[in-house]
Amino acid sequence: NSDPSTAMAVNWVDLHTDSSLEVHYRRVGEQAWAKATGTKFSIADTTMQGRRVELKNLLPDTNYEFNIGKPIGKTTEGWRFRTMPRDLNRPVRFVTGGDMFSTRQKLDKANGNAGALDPDFAMLVGDLAYANGVSSNRWVEWLKSWTERSVNPDGRLIPMVVGIGNHEVKGGYNGKIPEDAPFFYSLFRSPESRSYYALDFGDYLSILMLDSAHTQPITGPQAEWLNAALAERKNKQFVFVAYHYPAYGTTKGPKGGSPLDAPRSIEIRQHWMPAWEKYGVSAVFENDHHNYKRTYRLRGHKRDDANGILYLGDGAWGVATRTVPAPGTAWWLEKAEGRNHIWEVNMRANGTATIRAVDIDGKQFDKVELATPRTKPVD
């Protein structure tokens, strides 16, 4: 929620409203425990209670162990996390994707694959539990799967950076206000307490998470905020944009036509794309269409191999995949197929990055290099 090099938010769901609000934590290898007391909150209109503690004044790039209620002892099992580095003095790696939960078995496999890649964090961009704003059970199963499976080989929990999708809202698609996504807004607290926000990692990385018309309009305040947020971060080394519904999709559009014809895609290209083309971004991550895709480098709604932006997607973490356009029929797509996958982004101090597509069995099947951290801005 705040500076990832010195803070970590610990959240949990509890059915017992009188349970502890305390988190005990310490650096791995230390003897003394520190204690932080959090707050409780309601989860949608259910009887479940949430707990939230933000641990602050932590050391950068440091492993911590923690437990809820009491220090770790002989009969108490705890967890671990690691803060982010303050500078890009070592490679920083994150994984990203969306459209996660069809069956628990498939979700467990995909989440385990993400943990095995040993990322610093995961950027999860919409259609998380497929609860449609009403199913608490699916959220419980989704959270259990993440806690049990999304751990690195040493048992470290993988922190989440979360975005909203259509299956977070009541009815499963067209939410209009935050109240249409009660579980999402109660479970996850963003830096600006809304569905679109920026999260900054020192001077080397910024993530701009957007709401593609699920509880916030694409136009108006969100578009204005995006332009200002990119202007403020013009000196960041890496800037990644993420949202759920794609501007350059891989499934059929309205009445079976081109994906480019979807009204939401048109709005994104009209109201968001000029901002990241003006200020330059590293890449754009899209979801929703349940496929794998890598576009050509695009600028001004056309191919630009020299200065264009990559659009990567298309949201197939753990759901059934779909049919992609036939080769040669979608000018914007360099590669596309119906394949479950996650994206892995590995950033290095020299300003280069490797972005890999890894399927649900842990096999790399595509890779692209970013020779410069950001596309060239337009003056």
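Above this text you will find the structure in question.
The model shown is predicted, which means the values in this text are computed figures rather than measured ones.

**Student:** How do you make sense of the side chain of Ser-150 when you look at a structure like this?
**Tutor:** Of note, Ser-150 is situated in the loop between α2 (136-149) and β10 (160-163). Residues contacting Ser-150, with those up to four places away along its chain left out, are Asn-111, Gly-115, Ser-145, Arg-156, Leu-157 and Ile-158.

**Student:** Would you explain the sheet that holds strand β12 (residues 205-209) in this entry?
**Tutor:** Strands pair in a sheet through their backbones, by hydrogen bonds, and they do so in one of two ways: parallel or antiparallel. Taken in spatial order, the seven strands line up as β11-β12-β13-β14-β18-β15-β19 in an open sheet, and their pairing is mixed. Each of the sheet's edge strands pairs with one partner strand only, and the pair in question is β11 (197-201) and β19 (333-337). Direction aside, the axes of adjacent strands within the sheet are offset by 15 degrees on average. Inspection of the sheet shows β11 paired to β12 by five bridges, in the antiparallel sense. From the neighbouring strand, Tyr-197 faces β12, where its bridge partner is Met-209. Sitting on the sheet, helix α4 (residues 221-232) touches β11, β12 and β13 (238-242), and the angle it makes with β12 is about 180 degrees.

**Student:** Can you walk me through the sheet that holds strand β1 (residues 8-14) in this structure?
**Tutor:** In spatial order, the strands read β1-β5-β4; together these three strands make up an open sheet with antiparallel pairing. In the strand order of this sheet, the two ends are held by β1 and β4 (39-42), each with one partner. Between one strand and the next, the sheet's axes are offset by a mean angle of 25 degrees, whatever the strand orientation. Judged from the seven bridges that link them, β1 and strand β5 (residues 49-55) form a sheet pairing that is antiparallel. From the neighbouring strand, Ala-9 faces β5, where its bridge partner is Glu-54.

**Student:** Please clarify how the side chain of Asp-359 should be interpreted in this entry.
**Tutor:** Topologically, Asp-359 is positioned in strand β21 (residues 353-359). A polar side-chain atom of Asp-359 sits 2.9 Å from the main-chain amide nitrogen of Asp-361. Every residue in contact with Asp-359, bar those within four places of it in the chain, is listed here: Asn-113, Arg-339, Asn-340, His-341 and Phe-365.

**Student:** Help me out: how do you make sense of the packing of aromatic side chains in this one?
**Tutor:** Each aromatic ring pair is summarised here by two numbers: the centre-to-centre distance and the angle between the ring planes. Under the counting rule described, the total for this entry stands at 24 aromatic pairs. Ring pairs connect the aromatic residues Phe-94, Phe-121, Phe-201, Phe-238, Phe-240 and Phe-285, which therefore count as one cluster. Above the face of the Tyr-245 ring, Arg-264 is positioned so that its terminal group lies 5.4 Å from the ring centre. The ring of Tyr-248 carries Arg-269 above its face, with NZ or CZ at 5.6 Å from the centroid.

**Student:** Just checking my understanding: could you explain α2 for this structure?
**Tutor:** In an α-helix there are 3.6 residues to a turn, and that puts residues three or four apart on one side. Across its 14 residues, α2 extends 20 Å between first and last C-alpha, which sits within 8% of the 20 Å expected from 1.5 Å per residue. Those residues of α2 lying buried are Trp-139, Trp-142, Ser-145 and Trp-146. With its buried residues spanning 125 degrees around the axis, α2 presents them on a single face. Between the side-chain oxygen of the N-cap and the backbone nitrogen of Arg-138 there are 3.4 Å, and the N-cap of α2 in question is Ser-135.

**Student:** Any chance you could explain unusual backbone geometry here in plain terms?
**Tutor:** Keep in mind that most residues, glycine aside, have a negative phi and that most peptide bonds are trans. A cis geometry characterises the amide bond from Gly-313 onward to Asp-314, with omega recorded as 20 degrees. Relative to the assigned elements, Asp-314 resides in the loop between β18 (311-313) and β19. Residues other than glycine seldom take positive phi values, yet Asn-57 does so here, at roughly 60 degrees. As for its placement among the helices and strands, Asn-57 is situated in the loop between β5 and β6 (63-68). Using a relative accessible area of 75% as the deciding quantity, one classes Asn-57 as exposed. The backbone of Asp-118 sits at a positive phi, close to 55 degrees, despite the residue not being glycine. Along the chain, Asp-118 turns up in the loop between α1 (104-116) and β9 (121-125).

What counts, and where the lines are drawn
Residues numbered from 1 in each chain as written. Predicted model: local features only at pLDDT ≥ 70, side-chain atom pairs only at ≥ 80, totals over all residues. Heavy atoms only, no water. Helix = DSSP H or I, 4+ residues; strand = E, 2+ residues; numbered from the N terminus. Contact = heavy atoms within 4.5 Å. Pairing = 2+ DSSP bridges. Axes fitted to C-alpha atoms, helices over the stretch in contact; angles between N-to-C directions. Polar contact = N/O pair within 3.5 Å; in protein donor to acceptor, adjacent residues only side chain to side chain. Phe/Tyr/Trp six-rings, centres within 6.5 Å; stacked < 30°, edge-to-face > 60°. Lys NZ or Arg CZ within 6 Å of the ring centre and 35° of its normal. Expected span 1.5 Å × (residues − 1). Buried < 20%, exposed > 50% of the residue type's maximum accessible area, 1.4 Å probe, protein only. Arc of directions from axis to C-beta.

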